[in-house]
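# Close look at the chain arrangement
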Amino acid sequence: MSDDGKTSADDDWGAALAEQKSATPQVLDDAKPANIFNKLQATGAGGESSGDLDLILDIPVTMTVELGRTKIPIKHILQLAQGSVIELDALAGEPMDVLVNGCLIAQGEVVVVNEKFGIRLTDIVTPSERMRRLNR
């Protein structure tokens, strides 16, 4: 990290953005640029989102609740049978990780509602923490 708090990754991103701004796009004679992205607007004052957010609200994502993980050799996998027990790295009573498209967004505890499993969120990962984890 440099004296001004920037990392080499920050410098790389800055250089890439500057290169992108200086590049002139090649447009075919009949082609017209698509302006659909210009319709998206920033969040309004007070944290209220504009109606443009509706464009992405129906995009499906995969939400996963992770009970735990383990690493075992293939020879042990081949020996698994009905009734086998696999030890996980998570402790009983420990919060479960909630992931959206593989990215940790929260932690919670398992609950049972009407004979179905669910999760009660106990901790939400802040956007800045999510960005920090992505940069690892």
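Residues numbered from 1 in each chain as written. Predicted model: local features only at pLDDT ≥ 70, side-chain atom pairs only at ≥ 80, totals over all residues. Heavy atoms only, no water.

## Thoughts on the sheet that holds strand β4 (residues 116–124)
Pairing within the open sheet is antiparallel, and its four strands lie in the order β1-β2-β3-β4. Because the sheet does not close on itself, it has two edges, and the strands there are β1 (63–66) and β4. Each neighbouring strand pair of the sheet contributes to a mean axis angle of 40 degrees, computed without reference to strand direction. The sheet contact formed by strand β3 (residues 103–113) and β4 spans eight bridges and is antiparallel. (Pairing = 2+ DSSP bridges. Helix = DSSP H or I, 4+ residues; strand = E, 2+ residues; numbered from the N terminus. Axes fitted to C-alpha atoms, helices over the stretch in contact; angles between N-to-C directions.)

## Topic: the pairing of strand β2 (residues 96–100)
Of all five residues in β2, four are buried, a share of seventy percent or more. By the bridge criterion, four bridges tie β1 to β2 in an arrangement that is antiparallel. Paired with T64 across the two strands is L99, which belongs to β2. Taken together, the five bridges between β2 and β3 define a ladder with antiparallel strand orientation. Opposite M96, over in β3, you have G108 as the bridge partner. Hairpin connection of β2 to β3: two residues between the antiparallel strands, including N101 at a positive phi of 50 degrees. (Buried < 20%, exposed > 50% of the residue type's maximum accessible area, 1.4 Å probe, protein only.)

## Topic: the confidence of the model for the protein
Scored by pLDDT, the protein comes out at a mean of 76, with 63% of its residues at no less than 70. Helix α2 (residues 74–78) holds the highest mean pLDDT among the elements of the protein, 94, whereas helix α1 (residues 8–22) holds the lowest, 65. (pLDDT = per-residue confidence, 0-100.)

## Section: a nonpolar patch on the surface
Taken together, L67, I72, I74, I77, L78, L80, I86 and L88 make up a surface patch of nonpolar side chains, about 750 Å² in accessible area. By the element assignment, L88 lies in the loop between α2 and β2. Under the relative-accessibility criterion, L88 is labelled partly exposed at 32%. (Patch = residues over 30% accessible without salt bridge, like charges linked within 9 Å, V, L, I, M, F, W, Y side chains within 5 Å. Areas by Shrake-Rupley, 256 points an atom, 1.4 Å probe, with all protein chains shown as cover. Salt bridge = Lys/Arg side-chain N within 4 Å of Asp/Glu carboxyl O.)

## Notes on the environment of Q107
Structurally, Q107 is set in strand β3. Considered as a pair, Q107 and V125 are 18 residues apart in the sequence and their alpha carbons are 8.0 Å apart. Setting aside residues up to four positions removed in sequence, Q107 forms contacts with P95, M96, D97, R120, L121, T122 and D123. For Q107, the side chain forms a polar contact with the side chain of D97, separated by 2.8 Å. (Contact = heavy atoms within 4.5 Å. Polar contact = N/O pair within 3.5 Å; in protein donor to acceptor, adjacent residues only side chain to side chain.)

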